[in-house]
Amino acid sequence: MSDATASEPSAESEQESADPASRSRWWSVSASRVVLYGALLAIMGVFLVPIETGLVTSVKTNPTGVSETLPYLPPPPEYFTLEKWEQAFDRLARGMVNSALYSIPATVLSAFAGSLTAYGITQARWKERYKALLLALFVAGIFIPYQAVLVPLSRFWSTYAPLEDWLAVLWVIGIDNDYAGLVELSVTHIAYGIPICTVLFRSYYKNMSIEMVESARLDGASLRRVYRRIILPLSTPMFAVVLIYQFTQIWNDLLFALILVSSESSEAAPVTLILAGLGQSLEGADFPLRMAGAFIAALPTLAVYVMFGEEFAEGVAS
C-alpha cells in the first residue's frame, strides 16, 4: 500500500509537469496559425480593396456621390445609380467587338504556331546546337519591349506592307478602311506572341513521355501525323495556359493600338483605346463612368479564365 500511495503523487507530478509543456506547444501552434491567417487576410485585402472601391464607385452619382462619400463605402440610396454602367456599355460595345475581331484570331494562331514550333524543336531529329540557337532567338524575342519596336512597326505597316492599299477592294463594298488597323494589330500580336508561346510549349513537351511518340515513329507515322494524333490531344492543358495568357495580353494592350489605329473615334477603335478617354472632359474626370467601363472591359478576360480554368490549373501544375 505504501508503494502504491507513493507512486500516485509521482504520476500526478509528471502530469502536472507535462501540462505546461503541452500548453506552451498548443499556444505556439495557435500563434503561428494566427500570424499565417492574418498575413493571408492582409494580402487578400490588398488585392480586394481596390476592386471593391472601384465597384462601389461605379454605382455612385457624379460628382455629388463621389465627393460626399468615402471611396470604399457603398453609397446611400440617394446617391446610388446604375446609369454609369449603361453609359459605359453603350460607349464600349463597339470597341469590345473590334477587340474581339483581332484578339481571338491572334490568340488562337499564336498559340497554334507556338505549339508547332515547340514540337519541331523538341521532337524533330536535327542537330542539338541548331535547336539551342533557335531556342535562344525565341527567348530573346520575349524580352524585346514594345517601346523598342514602335517606330519600325509603324514604318513597316505604312511603307512596306500598306494593308490599306492592298485591301482596297474591301473599302469599295462599304467596309471602313480603318479596319486595316485591326488586321495589322492581329498580325503584330501573332508575331510578338510566338516566342513566349514556343517557350511555354517547349517546357511542356520536354516533360512529356516520348514512348508513344517513338512507337508511332517506329510504326511509320510522319511528324505531322504524330503531332495531329498524339501531341495535339495531349496539349490541351498547355493550350489553356497559353490561350488565357495570350488573350489577356492582347485584349489589354493599349500601346500597339495607339500606334496602328488612328484614334478612339475611329470605327475600328479597340476597347482599350476607347476606355483610355472614357469619362474625360473639360469639367473633370467622371470616375463612376471610368470604373464601370473598366469592369465591363475586363469581363471577357474573366470569362476566358472561367472557361479554361480547370485546364489552366492542370497545365500550370504540369
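Rules used throughout
Here the residue numbers are simple positions, counted from 1 along each chain's written sequence. In keeping with the model being predicted, local features are shown solely for residues with a pLDDT of at least 70 and side-chain atom pairs are shown and tallied solely at 80 or more, while totals for entire chains, interfaces and linings include all residues. The side-chain numbers reported here are obtained from all heavy atoms of the structure, hydrogens and water having been left aside. Where helices and strands are cited, they refer to DSSP runs of H or I of at least four residues and of E of at least two residues respectively, numbered from the N terminus. The buried label applies to any residue whose accessible area, calculated with a 1.4 Å probe on protein chains only, is under 20% of its type's maximum; exposed applies above 50%, and partly exposed to all values in between. Contacts are assigned to residue pairs with any non-hydrogen atoms lying within 4.5 Å of each other. Only protein atoms enter the calculation, which uses a 1 Å grid: trapped sets of points that fit a 1.4 Å probe without letting it out are cavities, open sets showing protein on both sides within 12 Å along at least five of seven lines are pockets, and any residue with an atom within 4 Å of a point is a lining residue. Grid points are joined across faces, edges and corners, and a volume is the space filled by probe spheres set on the points. The span one expects for a helix is its residue count, reduced by one, times 1.5 Å. This arc corresponds to the set of directions leading from the helix axis out to the C-beta atoms. Predictor confidence is given residue by residue as pLDDT, running from a minimum of 0 to a maximum of 100. Residues enter a patch when their relative accessible area is above 30% and they make no salt bridge; the linking distance is 9 Å between like charges and 5 Å between nonpolar side chains (Val, Leu, Ile, Met, Phe, Trp, Tyr). Values of accessible area rely on a 1.4 Å probe in the Shrake-Rupley scheme; residue burial ignores everything except the protein chains shown. Salt bridge criterion: a side-chain nitrogen from Lys or Arg within 4 Å of a carboxyl oxygen from Asp or Glu. The charge count treats Lys and Arg as positive and Asp and Glu as negative. His and the chain ends do not count. By convention, charge coordinates are those of NZ in Lys, CZ in Arg, CG in Asp, or CD in Glu. Think of each axis as a best-fit line through the C-alpha atoms, taken over the contacting stretch in the case of a helix, with angles from 0 to 180 degrees between the N-to-C directions. Here the word oblique covers every angle except those under 35 degrees (roughly parallel), over 145 (roughly antiparallel) and from 65 to 115 (roughly perpendicular). The hand of a helix crossing depends on one turn: near helix anticlockwise from the far one by less than a right angle means left-handed, and clockwise means right-handed. Residues are grouped as follows: Ala, Val, Leu, Ile, Met, Phe, Trp, Tyr, Cys and Pro are nonpolar; Asp, Glu, Lys and Arg are charged; all remaining types, including Gly, are polar. Pairing of aromatic rings covers Phe, Tyr and Trp, the last through its six-membered ring, and needs centres within 6.5 Å; plane angles under 30 degrees mean stacked, over 60 mean edge-to-face, and all others mean tilted.

### Remarks on the overall build of the chain
When its secondary structure is counted, the chain shows 14 helices and 2 strands. A buried classification covers 35% of the 318 residues belonging to the chain. Contacts in the chain between residues at least 24 apart in sequence constitute 70% of all its contacts with a sequence separation of at least 6.

### Observations regarding the layout of surface pockets
In this structure, the largest pocket spans a volume of roughly 250 Å³. As for the largest pocket, its lining consists of 15 residues, of which Glu164, Gly181, Glu184, Ile259 and Leu260 are closest to the centre. Listing elements by their share of the lining of the largest pocket, those giving two or more residues are α5 (150–160), α6 (163–166), α8 (180–206) and α12 (255–260).

### Things to note about helix α4 (residues 128–142)
The terminal C-alpha atoms of α4, which comprises 15 residues, lie 21 Å apart, in line with the 21 Å expected from a rise of 1.5 Å per residue. The set of residues buried in α4 consists of Lys131, Leu135, Phe138 and Gly141. All buried residues of α4 project into a common sector of 110° when viewed along the axis, lining one side. Summarising the geometry of α4, the exposed residues directed more than 90 degrees from the buried face are Arg129, Leu133 and Leu137. Check the buried side of α4 and you find it contacts α3 (83–123) and α8.

### Thoughts on the confidence of the model for the chain
When pLDDT is averaged along the chain, the result is 84, and 89% of the positions lie at 70 or above. Across the chain, α3 holds the top mean pLDDT of 93, while helix α1 (residues 2–58) sits lowest at 70. Segment residues 1–9 is flagged for pLDDT under 50; beyond a separation of four residues in sequence, or across chains, it makes 0 contacts in the model.

### Points about a positive patch on the surface
A cluster of like positive charges, contributed by Arg224, Arg225, Arg228 and Arg229, occupies part of the molecular surface. With respect to the helices and strands, Arg225 occurs in helix α10 (residues 223–234). Overall, Arg225 belongs to the partly exposed group, its relative accessible area being 39%.

### Observations concerning the side chain of Lys84
Positionally, Lys84 belongs in helix α3. Not counting residues within four places of it along the chain, the set of residues in contact with Lys84 comprises Ser58, Lys60, Asn62, Asp286, Pro288, Leu289 and Ala292.

### Here we look at the packing of α3 against helix α11 (residues 236–251)
The N-to-C vectors of α3 and α11 enclose an angle of 140°; their axes lie 9 Å apart at closest approach. Here α11 runs oblique to α3, going by the angle between their axes. Both α3 and α11 take part in a crossing whose hand is right-handed. Grouping the constituent residues of the contact of α3 with α11 by class yields 14 nonpolar, 6 polar and no charged.

### Observations regarding the packing of aromatic side chains
For the coordinates displayed, the defined rule picks out 11 aromatic pairs. Ring plane angle 25° and centroid distance 5.5 Å describe the contact between Phe247 and Trp251, whose orientation is recorded as stacked. Of the two residues, Phe247 and Trp251 both sit in helix α11, 4 residues apart, roughly one turn of that helix. What makes Phe247 buried here is its relative accessible area of 8%. Here a set of aromatic residues connected by ring pairs shows up, and it is made of Phe201, Tyr204, Tyr205 and Phe239.

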